[in-house]
Amino acid sequence: FFSHDGGGHWTQLEGQFPTIAVRDLAIQKQADDLVMATFGRGYWVLDDLAPLRQATPQVLGQNAHIFAPRDAVIYIPSSRLGGRGQAFQGAAYYEADNPPFGAEITYYLKSGIETREQKRHAEERKLRQADQPVPYPSFQEMRAEDQEQSPYLLFTITDDQGNVVRRLRAQPHAGMHRITWDLRYPATTPVRLASNGGRGFGRGGMGPLVVPGTYHVSLDKVVNGVPSHLVDPVAFKVVPLNNATLGAQDKAALLAFQKQAGELMGRIRAAGAELSEAATRLRYIRAAIPLTPNAPDSLLAEARALQQRVDDLDIKLNGDRAVSRHQFETPPSISQRISSVVYASYSATAAPGGAQKEQVRIAADEFQPVHAAIVKLMSDLDAFEARLKQMGAPYTPGQPPSH
């Protein structure tokens, strides 16, 4: 499908549109969406035509441009099927995607950003087409290609006071593209390099929803780790749907509570990650002790004592799995208390109740001595590894490099 800007320029719109005649066109005026109907293939919807109307020759002559986003409606998305997509209805159950939730940002990039390797391949193609010899890259060039970081676009969302709310990344491909901000702050949980992306029942890491108001989005490009500015901030509005029966009247107070609970959950999850790291280090230590001729057997008992401290702290932090997996009831752990509050609050627009506030208070009080014990444990573990190193033990994760 192609659109014409009236000035002799055509824009190609992609999105799995079939090669078939379009029998009917209609504009949904309320949302300014274009609906295209084919014969026998169904219909397609192009959300928000405004960027095409703004795509003048002057705009398309710029290196980059962000089109004025339409108002983003804030609410809690839900599923009527008990899960994402077709849920458990089976492959034969028809369902179509809704527009993505959040602020939809349409942008234009005149030219894509190529890596060193892509530029070299382009030059080599020109030489081959001209029937010219193609030089082999030098070792320095190959090393520079291997060590280069992939370029990307960086969108920065700020509030009306200029505070950074979120950063989003996109591939630096030429043309008109869209990226969606989910109207949330970033998650406070520990960073993971791999995630299930929120499939199934899991939502993945997420932060609280922002409050309605005016926000701005700017664009930079990052080439080999060095950012450079492309587009100045463009304003847009986040507006409430206002269909909640018990929606919070003081949305700023709700956000403050969610940030407090989220920050506490981040600290608790980080402490859990430290315990997991300590358990991994101790597994290597127990394997290294028999391989160290100068290490006495008593070190195995010390390592076991450290492991017992890890297990005891893990029960307080994450619950007693040895009991719960046999279907016996266990008291709520620190992590369970705060996770239940954060999950419920992030998934609702209602003000926090008294029980939620009490759960946050209890979790904070119980976490304080546990956090102090974890700090002491990690210090003792470092000292134990240092003793092993002096005895000539082989390297284990957590040890500093040898001098």
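Residues numbered from 1 in each chain as written. Predicted model: local features only at pLDDT ≥ 70, side-chain atom pairs only at ≥ 80, totals over all residues. Heavy atoms only, no water.

S.K.: Before we go on, may I ask you to explain the pattern of salt bridges in this structure?
M.R.: Two side chains bearing opposite charge may form a pair once their charged atoms approach each other closely. Taken as a whole and assessed by the stated rule, the structure comprises 17 salt bridges. Across the pair Lys 126 and Glu 123 runs a salt bridge whose closest N-O atoms are separated by 4.0 Å. Here the residue Lys 126 and the residue Glu 123 both occupy positions in helix α3 (residues 116-129), the gap between them amounting to three residues, near one helical turn. Accessibility expressed as a relative area gives 52% for Lys 126, which makes it exposed. You can call Glu 123 partly exposed: its relative accessible area is 46%. Across the pair Asp 380 and Lys 376 runs a salt bridge, and its minimum N-O distance is 2.8 Å. In this pair, Asp 380 and Lys 376 both sit in helix α9 (residues 354-390), four residues apart, roughly one turn of the helix. For Asp 380, a relative accessible area of 22% corresponds to the partly exposed category. The class for Lys 376 is partly exposed, based on a relative accessible area of 47%. Through salt bridges with shared partners, one network takes in Glu 277, Arg 281, Asp 382 and Glu 385. (Salt bridge = Lys/Arg side-chain N within 4 Å of Asp/Glu carboxyl O. Helix = DSSP H or I, 4+ residues; strand = E, 2+ residues; numbered from the N terminus. Buried < 20%, exposed > 50% of the residue type's maximum accessible area, 1.4 Å probe, protein only.)

S.K.: Teacher, can you tell me more about the nonpolar core here?
M.R.: Taken as a class, soluble globular proteins show a tendency for nonpolar side chains to be buried jointly. Ile 285, Ile 289, Leu 317, Ile 338, Phe 384 and Leu 388 are the most contacted members of the largest nonpolar core, which totals 36 residues. Elements represented by at least two residues in this core include exactly α5 (251-288), α6 (298-318), α8 (334-346) and α9. The dominant element in this core, judged by the number of residues it contributes, is α5, at 11 residues. If sequence neighbours within four positions are ignored, Ile 285 has contacts with Ala 303, Leu 381, Phe 384, Glu 385, Leu 388 and Thr 396. Membership of the second largest hydrophobic core comes to 30 residues, among which are Ile 74, Ala 103, Ile 105 and Leu 109. (Core = buried A, V, L, I, M, F, W, Y, C linked by side-chain atoms within 4.5 Å. Contact = heavy atoms within 4.5 Å.)

S.K.: Would you mind going over the packing of α6 against α9 with me for this structure?
M.R.: Following both chains from N to C, one finds α6 and α9 inclined at 160 degrees, their axes separated by 11 Å at the closest point. One way to sum up the angle between α6 and α9 is to call them roughly antiparallel. As α6 runs across α9, the sense of the crossing is left-handed. Seen from α6, the contacting residues are Leu 299, Glu 302, Ala 303, Leu 306, Arg 309, Val 310, Leu 313, Lys 316 and Leu 317; seen from α9, they are Phe 367, Val 370, Ala 373, Ile 374, Lys 376, Leu 377, Asp 380, Leu 381, Phe 384, Arg 387 and Leu 388. A per-class count over the contact of α6 with α9 returns 14 nonpolar, no polar and six charged. (Axes fitted to C-alpha atoms, helices over the stretch in contact; angles between N-to-C directions. Parallel < 35°, antiparallel > 145°, perpendicular 65-115°, else oblique. Left-handed = near helix turned anticlockwise from the far one by under 90°. Nonpolar A, V, L, I, M, F, W, Y, C, P; charged D, E, K, R; others polar.)

S.K.: It is not clear to me how the packing of aromatic side chains should be interpreted in this structure. Could you clarify?
M.R.: To describe a pair of aromatic rings, you give the distance between the ring centres and the angle between the ring planes. In total, this model carries five aromatic pairs according to the counting rule given. Pairing Trp 181 with Phe 236 gives two aromatic rings, centres 6.2 Å apart and planes at 80 degrees, and the pair type is edge-to-face. With a gap of 55 residues between them, Trp 181 in strand β11 (residues 175-181) and Phe 236 in strand β13 (residues 226-240) connect regions that are remote in the sequence. Of the residues examined, Trp 181 reaches a relative accessible area of 0% and is grouped as buried. The class for Phe 236 is buried, based on a relative accessible area of 3%. What links up through ring pairs into an aromatic cluster is the set Trp 181, Tyr 215 and Phe 236. Above the plane of the ring of Tyr 152 lies Arg 169, whose end atom (NZ or CZ) is 3.6 Å from the centre. (Phe/Tyr/Trp six-rings, centres within 6.5 Å; stacked < 30°, edge-to-face > 60°. Lys NZ or Arg CZ within 6 Å of the ring centre and 35° of its normal.)

S.K.: Explain the confidence of the model for the protein here, please?
M.R.: Confidence in the prediction of the protein, expressed as mean pLDDT, is 88, and 92% of residues score 70 or more. Segment residues 1-11: pLDDT under 50, and 19 contacts once partners within four positions in sequence are set aside and those in other chains are kept. Segment residues 197-203 is flagged for pLDDT under 50; beyond a separation of four residues in sequence, or across chains, it makes 11 contacts in the model. (pLDDT = per-residue confidence, 0-100.)

S.K.: Could you clarify how one ought to interpret the environment of Gly 205 in this entry?
M.R.: Along the chain, Gly 205 falls in the loop between β11 and β12 (213-223). We classify Gly 205 as exposed; its relative accessible area is 61%. With 184 residues separating them along the chain, Gly 205 and Lys 389 place their C-alpha atoms 38 Å apart.

S.K.: How do you make sense of the sheet that holds strand β5 (residues 43-46) when you look at a structure like this?
M.R.: Within a beta sheet, neighbouring strands are joined by backbone hydrogen bonds and run either parallel or antiparallel to one another. Ordered by their spatial adjacency, three strands build an open sheet running β3-β4-β5, and the pairing between neighbours is antiparallel. Bordering the open sheet on either side are β3 (22-28) and β5, each of which pairs with just one other strand. Put simply, the sheet's adjacent strands are angled 20 degrees from each other on average, direction ignored. (Pairing = 2+ DSSP bridges.)

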